[in-house]
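Residue-level structure breakdown
The chain contents come next:
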Amino acid sequence: MHVYLDQSDDHRSYVAQSSLDSYEDREKYKNEIDILFKSFLKMDNDYLNVFSVAGNIVSKSMYADFEKDVDKLYDFLHIFKSDLKSIEIDKKENRNFWVCDLIMVYASYKIHAEYESTGIKKLIKLFAYVKEMAAGGIVFIDEFDSNLHDVYLCALLEYLMEYGEGQLCFTTHNVGPMDILKRHKKSIDFLSENYKIYSWKTNGNYSPSRLYRNGMIEGSPFNVDSIDFIGVFGSGGEEE
């Protein structure tokens, strides 16, 4: 089982530092601190070998496998960026390891992956999770839709529904995936304003996205209208 969080939602470092700061006498509580660190290291071990745009640490014995994975990453990204020609690896030796950065190759230029769009950098990180789900793993992805085009997201979901061997659970603020997921029963749950979960059920010819937009999902009323913003930003006309 693997969990993807956007960097802004990964609070492990903050929690670790706050926990350490709570120990005034670190020497006295050395055993407790060691247990704390081991628990956070174990959390890291539960993660997949996720690509980073820079600083991928690869043992020399595993470098050939890393190259193959980068080739697969290129195949994945090329679906979204047809002008991408290849991905090169900029590697620097560090004892028994290579420290590897990803270089994106286009027809007339190359750029470090750090300078790619936020969406492409997210796809680079998501690659390992999608690959794991397709192979039979259980994957949780928070805010799957963030920084991803709706058309691409829905196409990826259709593939995973048809060919994925594992299970994917994800949260989204995008209504587009609902019309893909409605083909399967018990595939959509709504989190209400009072933090209760309501499962979607077939309701005549209505699609779940239409029901949601019209405030017809229990516990999820839409009570925001365009005119509500006039009091904040004005109507654009002359103020009296």
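For the structure given in this document, a descriptive report is provided here. (Residues numbered from 1 in each chain as written. Predicted model: local features only at pLDDT ≥ 70, side-chain atom pairs only at ≥ 80, totals over all residues. Heavy atoms only, no water.)

Remarks on unusual backbone geometry
Put simply, the rule reads: For helices the rule is a DSSP run of H or I covering at least 4 residues; for strands it is a run of E covering at least 2, with both sets numbered from the N terminus onward. Relative accessibility thresholds used throughout: buried, under 20% of the residue-type maximum; exposed, over 50%; partly exposed, between the two (1.4 Å probe, protein chains only).
With a phi angle near 55 degrees, Arg 95 is a residue other than glycine that sits in the positive phi range. Positionally, Arg 95 belongs in the loop between strand S3 (86-94) and strand S4 (97-105). Under the relative-accessibility criterion, Arg 95 is labelled exposed at 75%.

A word on the packing of helix H4 (residues 118-134) against helix H5 (residues 150-163)
The following threshold applies: Interaxial angles span 0 to 180 degrees and are taken between N-to-C directions of axes, which are lines fitted to C-alpha atoms, for helices over the stretch in contact. With respect to orientation, any angle under 35 degrees is reported as roughly parallel, any angle over 145 as roughly antiparallel, any angle of 65 to 115 as roughly perpendicular, and every other angle as oblique. Every residue pair with non-hydrogen atoms within 4.5 Å of one another is taken to be in contact. Polar here means any residue outside two lists: the nonpolar Ala, Val, Leu, Ile, Met, Phe, Trp, Tyr, Cys and Pro, and the charged Asp, Glu, Lys and Arg; Gly therefore counts as polar.
Where H4 meets H5, the axes come as close as 10 Å, and the angle between the chain directions of the two elements is 25 degrees. Of the possible angle classes, the one that applies to H4 and H5 is roughly parallel. Residue-level inspection shows Val 130, Met 133 and Ala 134 of H4 in contact with H5, the latter providing Leu 156, Tyr 159, Leu 160 and Tyr 163. Taken together, the residues that form the contact of H4 with H5 break down as seven nonpolar, no polar and no charged.

Digging into the packing of aromatic side chains
Put simply, the rule is: For Phe, Tyr and Trp, where Trp contributes only its six-membered ring, two rings pair if their centres lie within 6.5 Å, and the inter-plane angle classes them as stacked under 30 degrees, edge-to-face over 60, or tilted in between. Only Lys NZ and Arg CZ are tested; either one counts as a charge over a ring when it is within 6 Å of the ring centre and within 35 degrees of the ring normal.
The full count for this structure, using the stated rule, is 12 aromatic pairs. Between the aromatic rings of Phe 51 and Phe 127, the centroid separation amounts to 6.1 Å while the plane-to-plane angle is 40 degrees, which identifies the pairing as tilted. Placement of Phe 51 in the loop between helix H2 (30-45) and strand S2 (56-59) and of Phe 127 in helix H4 is noted, with a sequence separation of 76 residues between them. Comparing Phe 51 with Phe 127 shows no difference in burial state: the two are buried. A centroid spacing of 5.6 Å and a plane angle of 45 degrees characterise the contact between Phe 76 and Phe 127, whose relative ring orientation is tilted. Remark: Phe 127 occurs in helix H4 and Phe 76 occurs in helix H3 (residues 63-80); sequence separation between them is 51 residues. One aromatic cluster is present, formed by Phe 51, Tyr 63, Phe 66, Phe 76, Phe 80, Trp 98, Phe 127 and Tyr 152 through successive ring pairs. It is Lys 60 that lies over the ring of Trp 98; its NZ or CZ is 5.3 Å from the centre.

Structural notes on the side chain of Ser 207
With respect to the element layout, Ser 207 can be found in the loop between strand S9 (197-199) and helix H7 (208-213). Beyond its immediate chain neighbours, meaning those up to four positions away, Ser 207 contacts Asp 179 and Lys 182.

Re the sheet that holds strand S6 (residues 138-141)
Where we set the bar: Strand pairing requires that DSSP identify at least two bridges connecting the strands.
Here three strands make up an open sheet; going across it, the order is S1-S6-S7 and the pairing parallel. Pairing within the sheet leaves two strands with one partner each, and these edge strands are strand S1 (2-4) and strand S7 (167-170). Here the strands of the sheet are splayed against their neighbours by 15 degrees on average, with no regard to which way each runs. Both S6 and S7 contribute to a ladder of four bridges, which runs parallel. Paired with Ile 138 across the two strands is Gln 167, which belongs to S7. Sitting on the sheet, H4 touches S1, S6 and S7, and the angle it makes with S1 is about 155 degrees.

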